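Summary of structural features
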Amino acid sequence: MRGSTVVVVGHSECGGAAASLDAVQRKDFDLNGPVITIPSLPPTAALNRWLEPLTRLAGNLDIRATSRDKALPLVVSENVKMQINNLCQTQTIRDAWTVGTPKGQNVYLHGYVYNLATGRLQDLGITKGPKSIEVVELSSCKRHVKDVAL
Ligand SMILES: [Zn+2]
């Protein structure tokens with residue numbers, strides 16, 4: 001059986017994740033207001049727009065008072081999860097899991113974090129795949145795909 005693998009890899013010591021963490025740990029951070037990750041740049045700066053989803057994600061984690069060495073890996077791994085879930089909701093992936101791909105491939109999504117210090121890839125255990133095949137940790141997006149298929 002043919003397969004196709006999509007891999008989302010985050011990495012430790014990520015500058016983007018660190019900036020988002022810094023933002024949510026500032027005293028004046030407010031998830032209900034405009035989310036500005038880097039205050040020295042205008043809110044409309046490309047970097048601020050690019051980091052906003054990650055900062056919102058970080059803002060929804062309970063890490064405002066968590067030490068950096070614990071909070072940063074969490075932001076990195078949650079970001080990989082968010083990207084996997086975003087991919088699950090794309091038309092391309094939904095089609096692959098419902099009507100199939102033109103080449104008849106089974107498409108799998110995997111989430112990893114690359115640890116720069118050890119050189120190891122950590123499997124986050126959030127693999128998603130076609131509903132006919134058992135995969136670990138069935139996701140809400142997979143249930144969503146099933147709803148679409150019915
Ligand atoms: Zn990075």
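Quick note: structure is the one above.
Conventions and cut-offs
- Residues numbered from 1 in each chain as written.
- Predicted model: local features only at pLDDT ≥ 70, side-chain atom pairs only at ≥ 80, totals over all residues.
- Buried ≥ 20, exposed ≤ 12 C-beta atoms within 10 Å, placed from the backbone.
- Helix = DSSP H or I, 4+ residues; strand = E, 2+ residues; numbered from the N terminus.
- Arc of directions from axis to C-beta.
- Core = buried A, V, L, I, M, F, W, Y, C linked by C-beta atoms within 7 Å.
- Axes fitted to C-alpha atoms, helices over the stretch in contact; angles between N-to-C directions.
- Parallel < 35°, antiparallel > 145°, perpendicular 65-115°, else oblique.
- Left-handed = near helix turned anticlockwise from the far one by under 90°.
- Contact = placed C-beta atoms within 7 Å.
- Nonpolar A, V, L, I, M, F, W, Y, C, P; charged D, E, K, R; others polar.

Those residues of helix 4 (residues 91–98) not exposed but buried are Ile93, Ala96 and Trp97. Seen from one end, helix 4 has its buried residues packed into an arc of 90 degrees, which puts them on one side. The positive-phi residue at the C-terminal boundary of helix 4 is Gly100, with phi of around 90 degrees.

Our focus in this paragraph is the nonpolar core. One finds Ala17, Leu21, Ala58, Leu72, Val75, Val76 and Val80 to be the most contacted residues of the largest nonpolar core, which totals 17 residues. Mapped by element, the contributors of at least two residues to this core are helix 1 (15–24), helix 2 (46–59), helix 3 (68–88) and strand 2 (106–115). If you tally residues by element for this core, the top one is helix 3, at six residues.

What follows is about unusual backbone geometry. Among all residues except glycine, the phi angle is most often negative; among peptide bonds, the trans geometry is most common. Even without being a glycine, Glu13 presents a positive backbone phi close to 55 degrees. Of note, Glu13 is situated in the loop between strand 1 (3–11) and helix 1. Judged by the 12 C-beta atoms lying within 10 Å of it, Glu13 is exposed.

The residue Thr37 is located in the loop between helix 1 and helix 2 in this model. Expressed as a C-alpha distance, the spacing of Thr37 and Ala23, which sit 14 residues apart in the sequence, is 5.2 Å.

For the pair helix 1 and helix 2, the least separation of the axes is 9 Å and the interaxial angle reads 55 degrees. It follows that helix 1 is oblique to helix 2 by the angle criterion. Relative to helix 2, the crossing made by helix 1 is right-handed. Where helix 1 abuts helix 2, its residues Gly16, Ala17, Ala19, Ser20, Leu21, Ala23 and Val24 lie against Leu51, Leu54, Thr55, Ala58 and Gly59. Per-class residue counts for the contact of helix 1 with helix 2 are eight nonpolar, four polar and no charged.

Keep in mind that these numbers describe shape and distance, not what the molecule does.
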